[in-house]
Amino acid sequence: MLQAAALVKGYRSGDRQIAVLRGVDLTIAAGESVSIRGESGSGKSTLLHLLAGIDTPDAGAVHWDGRTTLPVERRAAMIGMVFQSFYLIPELNTFENVLMAARVAGAPRAAARTRARELLGRVGLAGRETHLPAQLSGGERQRAAIARALVNSPRLLLADEPTGNLDEQTGAGVIDLLLGLGAETRTALVLVTHNAAHAARTARQLFLHEGVLR
Amino acid sequence: MPWYFYLALKQLFPTGRKFPFFTAISVLGVALGVALLVVTISVMGGFAFQIRQMIVDTQGDVQVRGPGLIENPAELRSMLGRVPGVVGVTPFAEGTVMLEAPNKPPAFPIIQGVDVQRVNTVIPLDHYLIRGRLDDLDDDTVILSSLLAYSIGAQVGDKVEVSSPLLLERLKHDEVFLPRELRVVGIFMIGHQALDSNTVIVTLRRMQDLYGLGRAVHGFSLKLAPGEDPDAATARINAMLPPDAGVTARSWMEFNRDFLFVLQLEKSLIFLLLLAIIVVAAFSVTSSLLIAVVRKTREIGLLGALGGRPREVAACFCLQGFLIGLAGTLVGLGLGFGFLAVRNNIVHFLIRVTDSKEAMLRFYQVSDLPSHLDRRDLVLIVTSSVVISTLAGLLPAWRAARLNPVEALRSE
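About the cut-offs
- Residues numbered from 1 in each chain as written.
- Chains lettered and ligands numbered in written order.
- Predicted model: local features only at pLDDT ≥ 70, side-chain atom pairs only at ≥ 80, totals over all residues.
- Heavy atoms only, no water.
- Helix = DSSP H or I, 4+ residues; strand = E, 2+ residues; numbered from the N terminus.
- Rg over C-alpha atoms; globule rule 2.2 N^0.38 Å.
- Buried < 20%, exposed > 50% of the residue type's maximum accessible area, 1.4 Å probe, protein only.
- Contact = heavy atoms within 4.5 Å.
- Areas by Shrake-Rupley, 256 points an atom, 1.4 Å probe, with all protein chains shown as cover.
- Buried area = accessible area lost by both parts, 1.4 Å probe.
- Salt bridge = Lys/Arg side-chain N within 4 Å of Asp/Glu carboxyl O.
- pLDDT = per-residue confidence, 0-100.
- Core = buried A, V, L, I, M, F, W, Y, C linked by side-chain atoms within 4.5 Å.
- Axes fitted to C-alpha atoms, helices over the stretch in contact; angles between N-to-C directions.
- Parallel < 35°, antiparallel > 145°, perpendicular 65-115°, else oblique.
- Nonpolar A, V, L, I, M, F, W, Y, C, P; charged D, E, K, R; others polar.
- Arc of directions from axis to C-beta.

### Some points on the overall build of chain B
Across its full length, chain B carries 19 helices and 11 strands. The C-alpha radius of gyration of chain B comes to 31 Å, more than 25% above the 22 Å expected for a compact globule of 412 residues. Structurally, chain B occupies a C-alpha span of about 110 × 55 × 35 Å along its principal axes. Looking at chain B residue by residue over its 412 residues, the buried ones come to 46%. Counted over contacts in chain B with a minimum sequence separation of 6, partners at least 24 positions apart contribute 80%. Of the roughly 20,800 Å² of accessible surface on chain B, a fraction of 60% belongs to carbon and sulfur atoms.

### Topic: the interface of chain A and chain B
Across the boundary between the two partners, chain A contributes 26 residues, which contact 23 residues of chain B. Between chain A and chain B, roughly 2,400 Å² of surface is buried when both sides are summed, and carbon and sulfur atoms account for 63% of that area. The largest per-residue losses of area from chain A upon contact with chain B belong to Tyr87, Glu91 and Val104 of chain A, which jointly make up 28% of the total buried on that side. For the pair chain A and chain B, the number of links is two salt bridges.

### A look at the confidence of the model for chain B
Counting all residues, the mean pLDDT for chain B is 87, and 97% of those residues have values of 70 or more. The least confident element of chain B, judged by mean pLDDT, is helix 16 (residues 357-364) of chain B at 65; the most confident is strand 6 (residues 141-145) of chain B at 94.

### A word on the nonpolar core
Counting 117 residues, the largest nonpolar core has Ile36, Leu51, Ile79, Leu158 and Leu178 of chain A together with Phe317 of chain B as its most contacted members. Per-element tally for this core: the top contributor is helix 14 (residues 310-341) of chain B, with 11 residues. Setting aside chain neighbours within four positions, we find Leu178 of chain A in contact with Val82, Ile146, Leu157, Ala159, Pro162, Leu189 and Leu191 of chain A. Among the nonpolar cores identified, the runner-up in size contains 42 residues, and Val89, Ala101, Ala216 and Leu224 of chain B belong to it.

### Overview of the packing of helix 2 (residues 21-59) of chain B against helix 12 (residues 257-295) of chain B
Residue and element names in this part refer to chain B. One can describe the packing of helix 2 onto helix 12 by two numbers: an axis separation of 9 Å at closest approach and a directional angle of 175°. The orientation of helix 2 relative to helix 12 falls into the category roughly antiparallel. Looking at the contact of helix 2 with helix 12 residue by residue, the class counts come to 22 nonpolar, five polar and three charged.

### Concerning helix 3 (residues 73-81) of chain B
Of all the residues in helix 3 of chain B, the buried ones are Pro73, Leu76, Met79 and Leu80 of chain B. Viewed along the axis of helix 3 of chain B, the buried residues span an arc of 130°, placing them on a single side of the element.

### Considerations on the pattern of salt bridges
Residues and elements named next belong to chain B. If you walk through the whole model with that rule in mind, you get 23 salt bridges over all chains. When the shortest N-O distance is used, the salt bridge between Arg206 and Asp209 registers 2.4 Å. Residue Arg206 and its partner Asp209 are both found in helix 9 (residues 204-211); the two are separated by three residues, about one turn of the helix. Using a relative accessible area of 11% as the deciding quantity, one classes Arg206 as buried. For Asp209, a relative accessible area of 28% translates into the label partly exposed. For the salt bridge of Glu254 with Arg250, the shortest nitrogen-to-oxygen distance reads 3.9 Å. Glu254 sits in the partly exposed class, given a relative accessible area of 29%. Several salt bridges share partner residues, and in doing so they unite Asp140, Arg180, Arg206 and Asp209 into one network.

Given below as structure tokens:
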């Protein structure tokens, strides 16, 4: 489904060029769950951004279903993203936040509303639809963000340290949810995490070290 | 509804919250500018409308005249009456006379000779009479303007003597041309100081007698059907006038072109000055939206990650400027028209408090504030306000569109 070949990515810091990814190869099959661990600054988030198609590699290529480009209009159907800081829009309530991803993707309204309600029920937020993000706990916000990531029924879910801002118990619940929903909907999952226990629950565990995946 | 429009609405009017402070201040800034524009342009328009009405009421919609006398007025009047769109034609003769009342120094007013049978079809003299009746005007009577009557101390029923320049002309030939003694049967007030202080109205026959015109007149005042364009009607009349008639038709607008230009210039300058208030309000909108772009950097990154295109992100902020402009304009129109609805109560209150009714009447001939807003001016105010506010969103929109989603998501 997704194949990354010899990805190279670096950043310029003043006069210095800092290489972050030095030739990453990665293949994700449909419905597969993969975890990526690594030290802070090792390039995990950069790799996720490349896989999501919102950043471009300096060398190498990402193939989505064999294609080297992921047009904006296809991105929503292909990829859902979950972030450490949730990034819920504060002016929208929980339901509207979930629906926003469908709106941006141009999904049919009625179907999107049904799907959003169904997902909020699945993540345990039924009855909290009209609550603003500020009225939700951290775990609830992350669950709302997961519902948002899945509202367009993407084939790949990219989760960037989704438990980083949560306590151990809440974090474990979020990982349960990601893996459970992923398996249920045959959505592939790439989980970037520092937590070895969470990583161990995925089908395949990888470690990003010195710009290379092992 | 496109997502960027929806989000723009939600960011200004968030779900489940009271009217946000930023939105309220931005809308209020635009609203104040619009309200001031509506009130000022309406009151200026009201005065201008009164002046225009006064010009048309005293001169007619169109005047036909030549460099000299019209010797055969009956034929020309009949021809002018047949021009499509012309609903009234009245001849006039005019000049300057010396007016004397007992025990008062003489005055030298403008004199108008009017056809009593026809004048009301073009010039609503009845409407401006504050004493007496137009029906009483005959060859031995006269109607005076209010300030002239006041200055020579004449009342209805008093007698005045009128001498024309013909008196001097006749003296050259050792002839005597006695002043005519006329009885005052009416006093009019138009609301224009120059006319009110210096005008005498007599019958056309008396005027022809005073100036020795015979049957000749100086011109015709024409009334057009309601809604008729004076310039188009004037062109039509000129096309129908015989080339040897030696006269031309001119609309009241052409006659008063310079004066109308000054009126328009005044209004345009005031409009531009007051528009500056909306421009200042727009700067505050720009500043607030720029702060919002900085504050919402990660959300903008998220929208990019969700598949939002840069131009859609830009539209979201530009639309916020547009929506603030629209809301501010609507509130401003409400405030402006609300004020106009009670303007005279406010003016009367101020007049009462400052005891200035006499001064108002003396200088403005009114104690009420007129108001008239052209549809064109209203459209101009609404369009300017909305366009300026939308432009205020351009810079924040451009900044938001330039944000790289990856860098935006990483921002602290």
